[in-house]
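# Inside the fold
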Amino acid sequence: MGDVLAIAEQKDGKIRSVANEVVTVAAAVAEGLGGSAHALVLGGDGVGEHAGELGTFGAEVVRVGEEAALESHVPEIHAAVIAEVVASHDYTAVLFAATAVGKDLAPRVAALVDAPLASDVTHLEVNGGRLVGIRPIYGGKLMARIGFETSPAVVSLRPNAFGADGSPASGRVEPFTPAIPDEVRTRVVDFRSAEAGAVDVSEATVIVSGGRGMRGAENWGLLEDLRNALGPGTALGASRAVVDAGWRPHSEQVGQTGKTVAPRLYFAVGISGAVQHLAGMRTSQTIVAINKDPDAPIFSVADYGIVGDVFEVLPRLTSEIAALRAEG
Amino acid sequence: MSLDIIVCVKRVPDTETRVRFSDGARMIDSEGVKYIVSPYDEFALEAAFRTTEAGGEGKVTVITLGGEESLETLRVALAAGADAAVLLRVRGSVTMDGLATAKTLAAELKTREEPLVLFGVKAGDDDQQQVGPMVATLLGRPCASSVTSFEVHEGTVRCEREVEGGTEVVELDLPAVVTLTKGAFELRYASLKGIMAAKRKPLEVKDADLPEARLTVERLDYPPERAEGRIVGEGVEAVPELVRLLRDEANVL
Ligand SMILES: Cc1cc2nc3c(=O)[nH]c(=O)nc-3n(C[C@H](O)[C@H](O)[C@H](O)COP(=O)(O)OP(=O)(O)OC[C@H]3O[C@@H](n4cnc5c(N)ncnc54)[C@H](O)[C@@H]3O)c2cc1C
Ligand SMILES: Nc1ncnc2c1ncn2[C@@H]1O[C@H](COP(=O)(O)O)[C@@H](O)[C@H]1O
């Protein structure tokens, strides 16, 4: 009792940094419950090579399932293997990252092990011996405090909403042989990557988002320059008006019918700040708005605002930030 | 290829509505709230219409789980073009425990023949993003989530999924479950003719059992107010001060 399982996501054979956050939360919660944190790593050959490093973030045990069939993300297979691991031990909670992969897997695992699921949680704690979570609802207009009536509870954690806390330690790696379901009715037939080297908004630590105030797709070079000046980990985002106009792809849309993001730094450039846009980005750590209209609602959530024309402000902002980063 | 399709839709507050709760309550105050078909469910509906139209035949049936008031949601879908509707009527209201909802929907779907069931990727109220894949898992059917478009072929459905870093194409064997994110289509407006025709379409009401929620809302709160922001200045002159604040005060550069 009291043990918590962290599902550590991997991509191209490497454990993703978001897994460090999930393990950190698992360790904190397990401590409160009087148990220990385990991590689960699944993938193809060699995925377990660095698995012990999850011990740094508090995983006492790292269970590693290496199997060619787990190399690509076929959700039916991954869900079945995870469910088997969950069922093999008395876990109080199972934590996923609320990434595209985690949001796809968590409900399947919850259904397989017959456990309720709280998605996209932004706070998780143990209170009076019970697990309690907080999750935004109604597009972030309300926060719901959630109690779990049964164990295990399945939870997915909003990326970037929790930190990763490391201290030198190493987890005990326990390899196991996953049972791969033989009848699979899902086949991944193709993958088309977005622009090479581009960071997805849902993974980015810094986001530069453009709105209708950018006036047209042809002006996106200005936002790309700012993104490049801000360095790796920076993604481009967009408002729905921009996506509807066909200036940018839907994969970049932030908001209620786009992605929910919580980066360290969010630039809203020429975006008015409609409620549906705010729904996707209001939990960002620091928000900067640039808009020529001093009454634009975006200023009510922005930490810092500049009232001005984006076409004047952006080039200067890019060069100042580039200069700052060049200084080191 | 033509086939019959089910679309699961949910009645949710309009995204523009201010949602409030009465003091200490665990539920929102529905007073003055306008309700709509959840936005992603609209995409799913439109995708279903286009699929049956392209196939030349095939019926679209909408299903919702909820109270009597959800009849209104079904009528909207019928007016837009759905052929039939089913209300799984529950006493009280549906909860945030998506697995309880999924079990009730799955029990109904098990009795039906439609080879393709569509969901919205997430409902506009609870934002749980779970009911579709849960239903698929309970039924033992393959599922693709966050799909922007799909094509039905003999015995399979080919889906484009929006994932981190690109677009994934997956093929599922039918019968299958697909959850829709925003694709290239908006739900058509109901025509006057559609609204009139809707009155004659089959609308079935069945009493349903909803398992007790194992995930409970203990309290609702408004999100923490963001600390009062400030306008650093006007125009390009304000840029150096902004950059200084981002570096020294916010520590984000
Ligand atoms: C069901 C539903 C779901 C929705 N989902 C989303 C969603 O997921 N994401 C989303 O973003 N929206 C969503 N919307 C749409 C939303 O309501 C707004 O229409 C949209 O966010 C507006 O985009 P915008 O801010 O780019 O455009 P606008 O509202 O037109 O704002 C443009 C801004 O640019 C400023 N501007 C113009 N020129 C300049 C200049 N030269 N310099 C500086 N500033 C300038 C203007 O002052 C204005 O504030 C949704 C709507 C509905 C009904
Ligand atoms: N009460 C319900 N009745 C019918 N469909 C529902 C209901 N709740 C959720 N759904 C479907 O499941 C999708 C995802 O909901 P959720 O997992 O709650 O975010 C919705 O977009 C609907 O398609």
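Since this is a predicted model, take the numbers as computed values, not measurements.

### Points about the overall build of chain B
When you go through chain B residue by residue, the secondary structure sums to six helices and 13 strands. Projected onto its principal axes, the C-alpha coordinates of chain B cover approximately 65 × 45 × 40 Å. The buried share of chain B, reckoned over its 253 residues, is 57%. A separation of at least 24 residues holds for 69% of the contacts in chain B among residues at least 6 apart in sequence. Within the structure as shown, chain B displays about 11300 Å² of accessible surface, and the carbon and sulfur contribution to it stands at 47%. If you average the places of the 31 positive and of the 44 negative side-chain charges in chain B, the two averages end up 3 Å apart.

### Describing the side chain of Asp3 of chain A
Residue and element names in this part refer to chain A. Looking at the secondary structure, you find Asp3 in strand E1 (residues 3-8). Buried and without a salt bridge, Asp3 has Arg63 as its closest oppositely charged side chain, separated by 8.3 Å. Only 2.8 Å separates the side chain of Asp3 from the backbone nitrogen of Ser36, close enough to count as a polar contact. Filtering out sequence-adjacent residues up to four positions away, Asp3 remains in contact with Gly35, Ser36, His38, His89, Asp90, Tyr91, Thr92 and Ala93.

### With respect to the site of ligand 1
In the vicinity of ligand 1 lie 28 residues, with Arg212, Ser239, Thr257, Ser272 and Gln276 of chain A positioned nearest. Surrounding ligand 1 are residues belonging to chains A and B, so the site spans chains. Contact distances for ligand 1 include 3.0 Å between an oxygen atom and a backbone N or O atom of Gly270 of chain A. One of the side-chain nitrogen or oxygen atoms of Ser272 of chain A is found 2.7 Å away from an oxygen atom of ligand 1. For ligand 1, whose accessible area on its own is 990 Å², the fraction buried by protein is 81%. Those elements that provide at least two residues to the shell around ligand 1 are helix H5 (240-244), helix H6 (275-281) and helix H7 (310-327) of chain A.

### Looking at the domain arrangement of chain A
All names here are of chain A. Partitioning chain A into structural domains gives domain 1 (4-176) and domain 2 (206-327). Taking only C-alpha atoms into account, the centre of domain 1 sits 31 Å from that of domain 2. Contact between domain 1 and domain 2 buries roughly 550 Å² in total, counting both sides, with carbon and sulfur atoms accounting for 54%. The largest contributions to the domain 1 side of the interface with domain 2 come from Gly139, Arg158 and Asn160, which together make up 61% of the buried area. Between the two partners, domain 1 and domain 2, sit zero salt bridges. Classifying every residue of the side of domain 1 that touches domain 2 by side-chain character gives two nonpolar, three polar and two charged.

### Quick look at a nonpolar patch on the surface
A contiguous nonpolar surface patch, about 300 Å² in accessible area, is contributed by Leu192, Ile195 and Met196 of chain B. As for its position among the elements, Met196 of chain B is in helix H5 (residues 192-198).

### Looking at the packing of helix H3 (residues 98-109) of chain B against helix H4 (residues 131-139) of chain B
All names here are of chain B. Relative to each other, H3 and H4 sit at 50°, their axes nearing to 9 Å. With respect to H4, the axis of H3 lies oblique. The interaxial crossing formed by H3 with H4 has right-handed handedness. Across from Gly98, Leu99, Thr101, Ala102, Lys103, Leu105, Ala106 and Leu109 in H3, the residues of H4 making contact are Val131, Met134, Val135, Leu138 and Leu139. Taken together, the residues of the contact of H3 with H4 break down into 10 nonpolar, two polar and one charged.

### Notes on the sheet that holds strand E10 (residues 142-148) of chain A
The strand order E8(A)-E9(A)-E10(A)-E12(B) describes an open sheet built from four strands, whose pairing is antiparallel. This sheet does not close on itself; its edge strands, each paired only once, are strand E8 (123-127) of chain A together with strand E12 (215-221) of chain B. In this sheet, adjacent strand axes meet at a mean angle of 30° when their direction is disregarded. Pairing geometry for E10 of chain A and E12 of chain B, over six bridges, is antiparallel. Along E12 of chain B, the bridge assignment pairs Ile146 of chain A with Val217 of chain B.

The rules behind the values
- Residues numbered from 1 in each chain as written.
- Chains lettered and ligands numbered in written order.
- Predicted model: local features only at pLDDT ≥ 70, side-chain atom pairs only at ≥ 80, totals over all residues.
- Heavy atoms only, no water.
- Helix = DSSP H or I, 4+ residues; strand = E, 2+ residues; numbered from the N terminus.
- Buried < 20%, exposed > 50% of the residue type's maximum accessible area, 1.4 Å probe, protein only.
- Contact = heavy atoms within 4.5 Å.
- Areas by Shrake-Rupley, 256 points an atom, 1.4 Å probe, with all protein chains shown as cover.
- Lys, Arg positive; Asp, Glu negative; His and termini not counted.
- Charge placed at Lys NZ, Arg CZ, Asp CG, Glu CD.
- Salt bridge = Lys/Arg side-chain N within 4 Å of Asp/Glu carboxyl O.
- Polar contact = N/O pair within 3.5 Å; in protein donor to acceptor, adjacent residues only side chain to side chain.
- Near = heavy atom within 4 Å.
- Domains from an automatic or database assignment.
- Buried area = accessible area lost by both parts, 1.4 Å probe.
- Nonpolar A, V, L, I, M, F, W, Y, C, P; charged D, E, K, R; others polar.
- Patch = residues over 30% accessible without salt bridge, like charges linked within 9 Å, V, L, I, M, F, W, Y side chains within 5 Å.
- Axes fitted to C-alpha atoms, helices over the stretch in contact; angles between N-to-C directions.
- Parallel < 35°, antiparallel > 145°, perpendicular 65-115°, else oblique.
- Left-handed = near helix turned anticlockwise from the far one by under 90°.
- Pairing = 2+ DSSP bridges.

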